[in-house]
Amino acid sequence: MLYIFDMGGVLVHSFDVMPQAASLMGMQEHELRSHAAPDLEALMAGRLSGPEFWSRFEKRSGFKAADDYWSSLFAPELDIGMEDFIRKLGESDRVVCGSNTVDSHYDYLKAKGMYDCFEAVYVSNIMGLCKPDLEFWRFILKAEQADPGDVVFIDDMLENIVAARRLGIQALHYTGIENLRSELALIARHETERVTTGGS
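Residues numbered from 1 in each chain as written. Predicted model: local features only at pLDDT ≥ 70, side-chain atom pairs only at ≥ 80, totals over all residues. Heavy atoms only, no water.

J.: Could you give an account of the nonpolar core, naming the residues involved and the relevant values?
T.: Core analysis: the biggest nonpolar cluster contains 45 residues, and Phe 5, Met 82 and Phe 118 have the highest contact counts within it. Contacts of Met 82, omitting those with residues within four sequence positions, involve Phe 5, Val 10, Leu 11, Tyr 174, Ile 177 and Leu 180. Among the nonpolar cores identified, the runner-up in size contains 21 residues, and Leu 2, Ala 120, Ile 140 and Leu 167 belong to it. (Core = buried A, V, L, I, M, F, W, Y, C linked by side-chain atoms within 4.5 Å. Buried < 20%, exposed > 50% of the residue type's maximum accessible area, 1.4 Å probe, protein only. Contact = heavy atoms within 4.5 Å.)

Right, here's the structure in full:
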C-alpha cells in the first residue's frame, strides 16, 4: 500500500502566516485572503517568488508588506505523535508526502528535517501542480508506479479529499490522529479480507 500524507494541518501545525501578516499590515484577515487569492496558486506552483507575490499584492490592495511574510513569519510546529505514527507505518508500507507549499516553506521544513519521516516528497512548488488539480495525484501515481486502488491519501482539506476520490484513491479527511488510526485499521482489515478471499 502507498500512503500519501499532506503536510500542513496533518504533520505540522501553526503554519498559517496570514493572520499575523494581516495584523502587521493593519488589515482584516479576510481582506488579506481576498487580495492574495489571485496569486496563491502561482506562488504554490513555484511560478512566483515570495517577494514577487507581495509586490503584486501591494499593487492590488494598496497595502505594503514590510517583509516577505511567507518566510519571516513561518514557524510551524511538528506533531511528534504523528511523526512517530508515520515512521511506524513506513516500516511495512511506502509512505510519501504530497503537499501544497511555497519555496520558503519547503526550504525551511527540509532544513529542519521535518520531511525525514517520508520516503519521498512531492510538493507543489517543485511539481508545478497544486491540489486539488487531479494532475497533482496523477503525477505522484506515475512517479510511484501505483494503482489508485492501492493508495491511501490523508489531508485536512475536504476539497482535496473529494478530488482524490475522483481518481479512485482511498482518501481520508484528517481530523485527528485517533480517528486516522481507526480509519486505517478498517482499510487494513478490508485489504486483508480481500487478499484472503481473492475478492476485490
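J.: Can you lay out the packing of aromatic side chains for me, pointing to particular residues and giving the numbers?
T.: Following the criterion strictly, the structure yields twelve aromatic pairs and no others. On the basis of an interplanar angle of 75° and a centroid distance of 5.3 Å, the ring pair of Trp 54 and Phe 57 is categorised as edge-to-face. Placement of both Trp 54 and Phe 57 in helix 3 (residues 50-61) is noted, with a separation of three residues, approximately one turn of the helix. A ring pair is formed by Trp 137 and Phe 153, whose centres lie 5.4 Å apart and whose planes are at 80°; its orientation type is edge-to-face. Here Phe 153 lies in strand 6 (residues 151-155) and Trp 137 lies in helix 8 (residues 134-144), a separation of 16 residues in the sequence. Taking relative accessible area as the criterion, Trp 137 reaches 0% and is therefore assigned buried. (Phe/Tyr/Trp six-rings, centres within 6.5 Å; stacked < 30°, edge-to-face > 60°. Helix = DSSP H or I, 4+ residues; strand = E, 2+ residues; numbered from the N terminus.)

J.: So what's going on with helix 9 (residues 158-166)? Residues and values would help.
T.: The complete set of buried residues in helix 9 reads Asn 160, Ile 161, Ala 163 and Ala 164. Down the axis of helix 9, the sector holding all buried residues measures 165°, keeping them to one side. Phi turns positive, to about 90°, at Gly 168, one or two residues after helix 9. (Arc of directions from axis to C-beta.)

J.: Quick one: what's the story with the pairing of strand 5 (residues 120-123), residue by residue and with numbers?
T.: Pairing geometry for strand 4 (residues 94-99) and strand 5, over four bridges, is parallel. Its bridge partner being in strand 5, Cys 97 is matched across the sheet by Val 121. A crossover links strand 4 with its parallel partner strand 5, the connecting element being helix 6 (residues 103-111), and its sense is right-handed. (Pairing = 2+ DSSP bridges. Right-handed = clockwise from strand over helix to strand, strands pointing away.)

J.: Would you mind going over the packing of helix 2 (residues 29-44) against helix 3 in detail, with residue names and values included?
T.: Running from N to C, helix 2 and helix 3 cross one another at 145°; their axes reach a closest spacing of 10 Å. For the crossing formed where helix 2 meets helix 3, the hand is right-handed. Of helix 3, the residues touching helix 2 (which contributes Leu 32, His 35, Ala 36, Pro 38, Asp 39, Leu 40 and Leu 43) are Gly 50, Phe 53, Arg 56, Phe 57, Arg 60 and Ser 61. Its residues placed into classes, the contact of helix 2 with helix 3 shows seven nonpolar, three polar and three charged. (Axes fitted to C-alpha atoms, helices over the stretch in contact; angles between N-to-C directions. Left-handed = near helix turned anticlockwise from the far one by under 90°. Nonpolar A, V, L, I, M, F, W, Y, C, P; charged D, E, K, R; others polar.)

J.: Describe the pattern of salt bridges, naming the residues involved and giving the relevant values.
T.: In total, this model carries twelve salt bridges according to the counting rule given. Notably, a salt bridge pairs Lys 64 with Glu 58, separated by 3.7 Å at the nearest N-O pair. Given a relative accessible area of 31%, Glu 58 falls into the partly exposed group. Here Arg 94 ties to Glu 144 by a salt bridge, and the two come within 2.4 Å at their closest N and O atoms. Here the residue Arg 94 occupies a position in strand 4, and Glu 144 occupies one in helix 8, the gap between them amounting to 50 residues. In this structure Glu 144 comes out as buried when scored by relative accessible area, which is 15%. Residues participating in the shared-partner salt-bridge network are Asp 6, Lys 131 and Asp 155. (Salt bridge = Lys/Arg side-chain N within 4 Å of Asp/Glu carboxyl O.)

J.: Now, about helix 8: what can you tell me, with residues and values included?
T.: Regarding helix 8, the residues found buried are Leu 134, Phe 136, Trp 137, Ile 140, Leu 141 and Glu 144. Along the axis of helix 8, the buried positions cluster into a sector of 155°, meaning they face one direction only. Buried residues along helix 8 sit in contact with strand 1 (2-5), strand 4, strand 5, helix 7 (124-127), strand 6 and helix 9. Sitting at the amino-terminal end of helix 8 is Asp 133, which places a side-chain oxygen 2.9 Å from the backbone nitrogen of Glu 135. Where helix 8 ends, the next residue or the one after it, Gln 145, has phi of about 50°, a positive value. (Polar contact = N/O pair within 3.5 Å; in protein donor to acceptor, adjacent residues only side chain to side chain.)

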